[in-house]
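Fold and geometry: a report
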Amino acid sequence: MLRGIALGFLTYLFFSSTDAITKELGLRLSVFEKAFFITIFGIFPVFWMKPSGMRWRVALRVTRPGLLAIRACCGLSASLLGLYAFTALPLAEAYALIFLIPFFVTLLSKLVLKEHVPWQRWATVAVGLVGVLLIVRPGFRELELGHLAAVGVALASSITIIILRTLAPTEKPVALLGWVCVAVITFNGFAMLPGFHWPAGYDFALMALAGVTSGLGSVCLITAMRLAPASRIGATQYSQIIWAVLLGWIFFQEKPDSVAMVGIGFVVLSGVLAFLTGKEAMKPSPVVET
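Counting starts from 1 at the beginning of each chain's written sequence and moves along it residue by residue. Per-residue local features of the predicted model are confined to residues with pLDDT of at least 70, and side-chain atom pairs are confined, for both listing and counting, to 80 or more; whole-chain, interface and lining totals are unaffected and use all residues. Derived side-chain values reflect all non-hydrogen atoms in the structure, with water molecules and hydrogen atoms excluded from consideration.

1. Quick notes on the overall build of the protein chain
Secondary structure elements are taken from DSSP: a helix is a run of H or I of four residues or more, a strand is a run of E of two residues or more, and numbering for both begins at the N terminus. Looking only at helices and strands, the protein chain has 14 helices and zero strands in total. Put simply, the protein chain runs from its N terminus to its C terminus through helices and strands in the order α-α-α-α-α-α-α-α-α-α-α-α-α-α. Contacts between residues were defined by any pair of non-hydrogen atoms, one from each residue, lying within 4.5 Å. Residue pairs at least 24 apart in sequence account for 90% of intrachain contacts in the protein chain once pairs closer than 6 positions are excluded. We get accessible surface area from the Shrake-Rupley algorithm with a probe of 1.4 Å; when it comes to residues, only the shown protein chains can shield them. As presented, the protein chain carries roughly 13100 Å² of accessible surface, and 73% of it is formed by carbon and sulfur atoms.

2. As for the nonpolar core
Soluble, globular proteins show a tendency: their nonpolar side chains are buried together. To define a nonpolar core, start from buried Ala, Val, Leu, Ile, Met, Phe, Trp, Tyr and Cys residues and group those joined through side-chain atoms within 4.5 Å. Burial here depends on accessible area, computed with a 1.4 Å probe over protein chains only, as a share of the maximum for the residue type. Under 20% is buried, over 50% is exposed, and the range in between is partly exposed. One finds L91, L97 and I241 to be the most contacted residues of the largest nonpolar core, which totals 35 residues. Looking at this core, the element that brings in the most residues is helix α6 (residues 91–98), giving seven residues. Beyond its immediate stretch of four places on either side in the chain, L97 contacts L89, V132, V136, H147, A150, V151 and A154. By size, the runner-up hydrophobic cluster in this structure holds 18 residues, among which are F37, I38, A72 and V180.

3. A look at helix α13 (residues 240–252)
Taken together, the buried positions of α13 are Q240, I241, A244, V245, L247, G248 and F252. Following α13 by one or two positions, Q253 adopts a phi angle in the positive range, close to 55 degrees.

4. Considerations on the pattern of salt bridges
By definition, a salt bridge exists where a carboxyl oxygen of Asp or Glu is found within 4 Å of a side-chain nitrogen of Lys or Arg. Following the criterion strictly, the structure yields two salt bridges and no others. Two residues, K23 and E254, come together in a salt bridge whose shortest N-O distance is 3.2 Å. Here E254 lies in the loop between α13 and α14 (258–277) and K23 lies in helix α1 (residues 2–25), a separation of 231 residues in the sequence. Residue K23 is classed as buried on the basis of its relative accessible area, which comes to 13%. Overall, the relative accessible area of 17% leaves E254 in the buried class.

5. Looking at unusual backbone geometry
Despite not being glycine, Q253 has its phi angle at roughly 55 degrees, a positive value. The class for Q253 is exposed, based on a relative accessible area of 58%.

6. Looking at the packing of aromatic side chains
Ring pairs shown here join Phe, Tyr and Trp side chains whose ring centres sit within 6.5 Å, with only the six-membered ring taken for Trp; geometry is labelled stacked below 30 degrees between planes, edge-to-face above 60, and tilted in between. Enumeration over the complete set of coordinates arrives at ten aromatic pairs. Where F32 meets F187, the ring centres are 6.1 Å apart and the plane angle is 65 degrees; that geometry is what we call edge-to-face. Of the two residues, F32 is situated in helix α2 (residues 31–41) and F187 in helix α10 (residues 173–191); the sequence distance between them amounts to 155 residues. F32 gets classed as partly exposed once you look at its relative accessible area, which sits at 27%. Taking 5.6 Å as the distance between ring centres and 70 degrees as the angle between the ring planes, the aromatic pair formed by F37 and F204 counts as edge-to-face. Within this pair, whereas F37 is found in helix α2, its partner F204 is found in helix α11 (residues 201–227), the two being separated by 167 residues in sequence. By relative accessible area, F37 is classed as buried at 7%. A ring has a charge above it when a Lys NZ or an Arg CZ is no more than 6 Å from the ring centre and no more than 35 degrees off the ring normal. Positioned above the aromatic ring of F252, the side-chain terminus of K23 is 5.6 Å from the ring centre.

7. Considerations on the side chain of E93
Mapping E93 onto the fold places it in helix α6. Under the rule applied, a polar contact is a pair of N or O atoms within 3.5 Å (in protein, one hydrogen donor and one hydrogen acceptor; residues adjacent in sequence only if both atoms are side-chain atoms). Separated by 2.5 Å, the side chains of E93 and H147 make a polar contact.

8. Overview of the environment of G265
Structurally, the position occupied by G265 is in helix α14. Distance from G265 to G128, taken between C-alpha atoms, is 9.2 Å for residues 137 residues apart in sequence.

9. Description of the confidence of the model for the protein chain
The predictor rates its confidence in each residue with pLDDT, a number between 0 and 100. Overall, the prediction assigns the protein chain a mean pLDDT of 83, with 90% of residues at 70 or greater. Helix α12 (residues 230–235) is the least confidently modelled element of the protein chain, averaging 66 in pLDDT, while α2 averages 94, the highest of any element. Residue range residues 279–288 is modelled with pLDDT below 50. Its contacts to residues more than four positions away, or to other chains, number 39 contacts.

Laid out in C-alpha cells, this is it:
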C-alpha cells in the first residue's frame, strides 16, 4: 500500500507541474488551442489502459451513453475552466477554490444520491472550507473571473465524481477516459480554428511537456489505484496545495501572505483528516487531467 500512496503523491506532483506549465503559457494562446494540443500529447494513457488483445470497438463500447456524455461535458468544462483559472490566478489560490470539490461532492451525495453523510465527513469538509475562505477572503479582496472559473472546475469535477460512482461498476476505464479525450480534442479542435495561429516553438514545447506530465500523472494514478485503496490515493491530492506554493514561489514569485499560509494549513489538515478517516466519498476527484 505504501508504494501506492507514494505514487499518489507523485501523481499530483505531475498534475501540479502540468498546471504550472499552462500558467507559463499565459494568454499567448487561446484556452481551446492549449487544451487541444495538451490533450493530444497526453492521450497515451488511453492506449496503455486498453487490455491486450481487446479490440478498440469493444474497449470503447458503453452501456449508458447519456451519463457518459454528461461526464464528457463536465470533463471538457473542467479542462477549459482550469486552463483559464491557472492562467489568471496564483497557483495556490486556484487550488484553494478547486478544493471546494469535497464540499460539493458531500452536498451532491446528500441531495442527489440520498447518501447518509456522517458528521465526521461534514467536519472534515468544514475544515477545508475554512482554509479556502482564509486563502481567498471573499469580501476583503476583489474577486476576478479566474475565481469563478476555479469554482466552476470544482463543481464540474464534483458532478463527475457523482456520475463515476454510477458508471464505474458497468463501464470500462478506457472508455471512461477515452471518450472524454475524444470530446476535448473534437470540441477544441473546432473552437480554436477561428483565431488559430501556429504556436511558437517555445509554446509548442511547453504544451508537449504539459501533455507528457499530464499523461505520466494519469499512468501513476491508475497504477496507484491498483496498489492502494482509492480513499487513500484520493487524499494525497491535497498535496497539490503544497506543490502549488513551491512551484508558484520558485517560478512565478508568488508568495502567499501569513493569512493565506494559515488557510493552506487548514486545507492540508482537511486532507490529513480525510486520509485518516479513509472515507471513500471524501476523496477529491481522482479523474485524469486533460
